[in-house]
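Here is what each chain is made of, one letter per residue.
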Amino acid sequence: MPNLSGKHIVLGVTGSIAAYKAASLIRLLVKAGAEVQVVMTAAAKEFITPLTLSTLSGRPVLCDFFDHSDGTWHSHVELGLWADLFIVAPATASTMAKMAYGIADNLLVTCYLATRGRVYIAPAMDLDMYRHPSTIASAARLREMGATILEAEEGELASHLIGKGRLPEPEEIVRRIEEDMDKATTLTGKQLLITSGPTYERIDPVRFIGNYSSGRMGKALAEQAIRMGAEVTLVTGPAQVLPTPHERLRVIRVESADEMLEACRSVTSYQIAIFCAAVADYKVAHPEEQKVKRESRPSMTIELVPNPDIAALMGKEKDKEQIHIGFALETHLDLEQVRDKMERKSFDLIVANTLEDEGAGFGTDTNRVTLLSRDGSIERSLPLMDKEQVALEILNTLPQLS
Ligand code: PMT
């Protein structure tokens, strides 16, 4: 069983009669060595006092965006980044609907939206609410967005009706979370090489040929891999964003494709490489030493020569144990062309995204991708999702590739 020891857990408690079980849940999580930060909704405070939960968790319970007594701001972003796990238990129909649709009118839902860790939701409500299409739709949407719903149990409910809707016992919640985490892909002990961002190909000391890659997809992959326990070397072109620094993250900044190739080759041992960078296919044949003066050249022709194909070259040099994942950026999705690219570059998996999909590709926080494996065992078109979620989906395919 995985160890909850040292895990940072945000526990969201909402307004259900089952809120009293949060006390035992905290006790079990703390006993397992986790650090627990409780976030309550206003309604939850009607069922159990913050004093009880803060005493058990050893941390002040957070309910509001700021402390009314001294104006201290409770940063949902910091909490979201801190959390390895975000558990909502008990979760009411109302909180689930708010989470599903991003209605961030309380600290709990705002934290959820800022969370990058795994999310577990344990619903508790009356049976008619539990089986209402609205609740079923919320749960389905939350699942689609990566959350794990810990199904409610059958039994006598607060209304004295018998049916499904009971919050599982805290021991059962912890058991299910541990079991789920056990199944989750772990990259502990794995070394990953990830390329990211654009490359800039110099024309003269002030001008370059580049592209619109922001580095967001590469950042999401690096951060997600770190979260899954990997050691990551990120070779990045001049990207707009970089991953949050981490002791298991090494960042090598480069400018051109030639530099990116050299940096990749300097990474002598890795088990998994992900080629996410948008590498310029051409470079300037004769970059100028001095700034080209407009007056000196009324018009200008730049000769371009091909850049090295980093992924293809690294693919030729890889050994049988190494897994290479590539991207394919197309203006129009043609799976035959994508497969051809996978072959040419010796990718084990290719992630295709197209510029014709709104919200996908360059610069956006979201992406819509199709995953294809070389051996044909994976062929999945994913819906539009956050790049963090796309990164998780990509990394979760690794056990199938090895
Ligand atoms: O950075 P973002 O703004 O978040 O945008 C993300 C992204 C759109 C850049 C990313 O999702 C993506 O699609 N990256 C690959 C872009 C690309 O160059 O695709 P391609 O089809 O031209 O190249 C195919 C593969 O070969 C890629 O894995 C690429 O990294 C690699 N390649 C390409 C050319 C080259 N000279 N060397 C390479 O290694």
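Remember, predicted model here, so these are calculated numbers, not experimental data.

Chemist: Is there a simple way to explain the pairing of strand β7 (residues 162–166) in this structure?
Modeler: On a regular strand, each side chain points to the face opposite its neighbour's, so the side chains alternate between the two faces of the sheet. As paired strands, strand β6 (residues 153–156) and β7 are joined by four bridges and run antiparallel to one another. Across the sheet, residue E153 finds its bridge partner in β7, namely R166. The hairpin turn running from β6 into β7, its antiparallel successor, is five residues long, and H160 in that turn takes a positive phi close to 75°.

Chemist: Is there a simple way to explain the sheet that holds strand β13 (residues 272–275) in this structure?
Modeler: The strands that make up a sheet pair up through hydrogen bonds in the backbone, lying either parallel or antiparallel. Spatial strand order, β12-β11-β8-β13-β16-β17-β19-β20: eight strands in an open sheet with mixed pairing. One side of each edge strand has no neighbouring strand; the edge strands of this open sheet are β12 (249–253) and β20 (379–381). On average, adjacent strands in this sheet sit at an angle of 15° to one another, irrespective of strand direction. Pairing of strand β17 (residues 349–354) with strand β19 (residues 369–373) involves five bridges; the strand directions are antiparallel. Looking at the pairing, V351 lines up with L371 of β19. Strands β8 (191–196), β11 (231–236), β12, β13 and β16 (323–330) of the sheet are contacted by helix α9 (residues 216–227), whose axis makes an angle of about 165° with β8.

Chemist: Help me understand the domain arrangement of the protein, please; the structure alone is not making it clear to me.
Modeler: Often, the extent of an interface is quoted as the loss of accessible area upon association of its parts. Each assigned domain of the protein is listed here: domain 1 (8–183) and domain 2 (191–401). A separation of 37 Å is found between the C-alpha centroids of domain 1 and domain 2. The interface of domain 1 with domain 2 comprises four residues on the first partner and six residues on the second. Of the roughly 470 Å² buried at the junction of domain 1 and domain 2 (both faces included), carbon and sulfur atoms supply 42%. Counting every contact that joins domain 1 to domain 2 gives one salt bridge. Summed over the shared surface of domain 1 and domain 2, the number is two residue pairs in polar contact (both at pLDDT 80 or more). Classifying every residue of the side of domain 1 that touches domain 2 gives one nonpolar, two polar and one charged.

Chemist: Any chance you could explain the site of the ligand here in plain terms?
Modeler: Taken together, 28 residues sit near the ligand, with S214, F275, K341, N353 and G363 positioned nearest. In the model, an oxygen atom of the ligand is placed 2.8 Å from a nitrogen or oxygen of the M217 main chain. Here an oxygen atom of the ligand sits 3.0 Å away from a polar atom, N or O, in the main chain of F327. Contact with the protein chains removes 96% of the 770 Å² of surface that the ligand exposes when unbound. Elements supplying a minimum of two residues to the shell around the ligand: α9, α11 (310–317) and β16. Its residues assigned to classes, the shell around the ligand shows 14 nonpolar, eight polar and six charged.

Chemist: I would appreciate a short explanation of the packing of helix α1 (residues 21–31) against helix α8 (residues 170–183) in the present structure.
Modeler: For any two helices packed against each other, one specifies the crossing angle of their axes together with the interaxial distance. Where α1 meets α8, the axes come as close as 8 Å, and the angle between the chain directions of the two elements is 50°. Between α1 and α8, the crossing angle belongs to the class labelled oblique. The two elements α1 and α8 meet at a crossing, and its hand is right-handed. Taken together, the residues of α8 that come into contact with α1 (itself represented by K21, S24, L25, L28 and L29) are P170, E171, I173 and V174. Classifying every residue of the contact of α1 with α8 by side-chain character gives six nonpolar, one polar and two charged.

Definitions and cut-offs
- Residues numbered from 1 in each chain as written.
- Predicted model: local features only at pLDDT ≥ 70, side-chain atom pairs only at ≥ 80, totals over all residues.
- Heavy atoms only, no water.
- Pairing = 2+ DSSP bridges.
- Helix = DSSP H or I, 4+ residues; strand = E, 2+ residues; numbered from the N terminus.
- Axes fitted to C-alpha atoms, helices over the stretch in contact; angles between N-to-C directions.
- Contact = heavy atoms within 4.5 Å.
- Domains from an automatic or database assignment.
- Buried area = accessible area lost by both parts, 1.4 Å probe.
- Salt bridge = Lys/Arg side-chain N within 4 Å of Asp/Glu carboxyl O.
- Polar contact = N/O pair within 3.5 Å; in protein donor to acceptor, adjacent residues only side chain to side chain.
- Nonpolar A, V, L, I, M, F, W, Y, C, P; charged D, E, K, R; others polar.
- Near = heavy atom within 4 Å.
- Areas by Shrake-Rupley, 256 points an atom, 1.4 Å probe, with all protein chains shown as cover.
- Parallel < 35°, antiparallel > 145°, perpendicular 65-115°, else oblique.
- Left-handed = near helix turned anticlockwise from the far one by under 90°.

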